[in-house]
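Remarks on the overall topology
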Amino acid sequence: MRKIIHVDMDCFFAAVEMRDNPALRNVPIAIGGSSDRRGVISTANYPARKFGVRSAMPTSHAMKLCPHLVLVRGNMRKYVEASERVFEIFHEYSSLVQPVSIDEAYLDVTDSDLFFNSATWIAEDIRKKIFERTGLTASAGISTNKLLAKLASDFNKPNGKFTVPPDQIENFITRIPVERIPGIGKVTAKRLHEMGLKTCLDLQQYSASDMINLFGKFGETLYEFCRGKDEREIETEYERKSLGTEETYIKDISDLEEMKAHIKKMFAEVKESLADYDDRVIKNLHVKIKYYDFKQTTIERKLPFEEENFVMLLEERWLQDPRPIRLLGVGVKFEEEKTSEAPAFQLPLLTEAMA
Ligand code: TTP
Ligand code: MG
């Protein structure tokens, strides 16, 4: 069982401005370009949000919702500096840090020795340290995977934390509104609402194949997400740990020869993608099998990157448990090596006030 923390700074740009100018602390403020320059809101503090002011909203609209809104021109340099300090803190707690945006990251603390390995205490300490060093507040979500940690970090926002322990996952996820699930945008949410589906519990009545019929490839993810399942690993900013591909089949496959043909096709795809990673050393090859009942197994071994080795791994593992499968994946794991220091996230949409 993994231990994942999601940390997200509270009304980040606005919080930096409030920290630096006490006169802004108790009034509704927003960061953004002025309405006569067709500006857009970057973010708003919580008093302004009470009036409905939101990120990406035209400033002219925000001023209508909240006529006494104080508009602040942003200062990107200050936000980047605060962000760097916050990310330094994250790295003091784990080497597995995945930046999501300028103010948000996932940490994997499964192997941490701190606080008797309590992820909740670790998260609390991170929040404390962020406040001590930057004067800014953050919210944290703590659970067994990225999806649950992300949903949880919104629960006691601002300046709070929320833990979803393993025995509470079902209780937690069943109440989550569908539009909160990552990957469900406005269009899909509308479609789901029209079908009378409001919560993850409502989604759970559908079988995996129903989901795939309704939503295509995303249906597979949705089937897992609405049950609180998420196997996505933390991807650190420094390096790619693995490269691979996988396929889900509309009909389960029971024939080994057919599986081999798929493995060969996927091998060719991975080989092509590997061309971009010729500076990396392959550590292991792996093959993933998901059975019709969603039980999953992977086999990983140090072997030369050859088609027949993937076929052999498949054969070896599948023959141990030769039941119909719904998904196959092949890939490689790389040896550790820092390859790039480029930030893994895009800076958020900036208004022209800061550009
Ligand atoms: P968010 O974390 O999405 O928002 P937030 O930190 O302001 O508020 P919350 O308390 O809900 O987390 O984004 C982080 C910063 O990125 C935000 O302060 C400003 C910037 N941003 C934009 O410039 N444009 C946008 O559309 C969004 C969503 C964010
Ligand atoms: Mg934030």
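These numbers were taken from a predicted model, which means no experiment stands behind them. (Residues numbered from 1 in each chain as written. Chains lettered and ligands numbered in written order. Predicted model: local features only at pLDDT ≥ 70, side-chain atom pairs only at ≥ 80, totals over all residues. Heavy atoms only, no water.)

Description of the coordination of the magnesium ion (ligand 2)
Selection rule: Coordinating N, O and S atoms are those within 2.8 Å of the metal (3.2 Å for Na, K and Ca), and as water is not part of the atoms, a site may appear to have fewer donors than expected. A four-donor site is called tetrahedral if each angle lies between 85 and 135 degrees; a four-donor site is square planar, and a six-donor site octahedral, when trans pairs exceed 155 degrees and the remaining angles lie between 65 and 115; all other cases are labelled irregular. Three labels apply to residues, based on accessible area from a 1.4 Å probe with only protein chains included: buried if under 20% of the type maximum, exposed if over 50%, partly exposed otherwise in between.
Surrounding the magnesium ion (ligand 2) are the protein donor atoms D8 (OD), M9 (O) and D103 (OD), which sit 2.0 to 2.3 Å from the metal. Taken together, the 6 donor atoms surrounding the magnesium ion (ligand 2) define angles of 84 to 175° at the centre, an arrangement classified as octahedral. Judged by relative accessible area, M9 falls into the buried class, the value being 3%. With relative accessibility at 12%, the residue D103 sits in the buried group.

Describing the pattern of salt bridges
Filter applied, for reference: The term salt bridge refers to a pairing of a side-chain nitrogen on Lys or Arg with a carboxyl oxygen on Asp or Glu at a separation within 4 Å. The helix and strand labels rest on DSSP assignments: H or I over at least four residues marks a helix, E over at least two residues marks a strand, and numbering proceeds from the N terminus.
What the rule picks out here adds up to 27 salt bridges. Between E81 and R85 there is a salt bridge, with its nearest N and O atoms 3.5 Å apart. Of this pair, E81 and R85 are both found in helix α4 (residues 76-93), 4 residues apart, which corresponds to roughly one turn of the helix. A salt bridge links K161 to E124; the shortest N-O distance between them is 3.3 Å. Of the two residues, K161 sits in strand β8 (residues 161-163) while E124 sits in helix α5 (residues 119-134), which places them 37 residues apart along the sequence. Where salt bridges share partners, they join E17, R19, D20 and K78 into one cluster.

With respect to the nonpolar core
What counts is decided by this rule: Think of a nonpolar core as a cluster: buried Ala, Val, Leu, Ile, Met, Phe, Trp, Tyr and Cys residues, connected wherever their side-chain atoms sit within 4.5 Å. Contacts were defined at the residue level, with two residues in contact if any of their heavy atoms lie within 4.5 Å.
Core analysis: the largest hydrophobic core is formed by 36 residues, its most contacted members being I5, F12, F90, L107, I126 and I130. Counting residues per element, the ones that place at least two in this core are β1 (4-9), α1 (12-20), β2 (29-32), α4, β6 (104-108), α5 and β7 (138-143). The contact partners of F90, leaving out residues within four places of it in the chain, are V7, V97, A105, L107, I126 and I130. Within the second largest apolar cluster, 26 residues are counted, among which are F267, L313, W318 and L328.

What about the domain arrangement of the protein chain?
Spelled out, the test is: Domain ranges listed in this record stem from an automatic or a database domain assignment.
With domains assigned, the protein chain is organised as domain 1 (13-76) and domain 2 (240-338). Once you take the C-alpha centre of each, domain 1 and domain 2 turn out to be 50 Å apart.

Comments concerning the environment of T137
Note the following rule: Counting of polar contacts relies on pairs of N or O atoms within 3.5 Å, with two restrictions inside protein: one atom must be capable of donating a hydrogen and the other of accepting it, and residues adjacent in sequence are counted only when both atoms are side-chain atoms.
As for its position among the elements, T137 is in the loop between α5 and β7. Taking the relative accessible area as the measure of exposure, T137 reaches 22% and is therefore partly exposed. Here the alpha-carbon distance between T137 and K157, two residues 20 residues apart in the chain, equals 9.7 Å. Beyond its immediate stretch of four places on either side in the chain, T137 contacts M9, D10, F131 and N159. Within polar-contact distance, the side chain of T137 engages the side chain of D10 at 2.7 Å.

Details of the confidence of the model for the protein chain
Put simply, the test is: The pLDDT value tells you how sure the predictor is about a given residue, anywhere from 0 up to 100.
Mean pLDDT over the protein chain stands at 92; residues scoring 70 or higher make up 94%. Within the model, pLDDT remains below 50 along residues 339-353, and this stretch shows 37 contacts once partners closer than five positions in the same chain are excluded.

Some points on the pairing of strand β12 (residues 325-334)
Convention followed: By this definition, two strands are paired if DSSP reports at least two bridges between them.
Of all 10 residues making up β12, 9 are buried, and the element is well covered by its neighbours. Bridge count for strand β10 (residues 282-291) against β12 is 9 bridges, and the pairing is antiparallel. When the sheet's bridge partners are listed, I289 is paired in β12 with L328.

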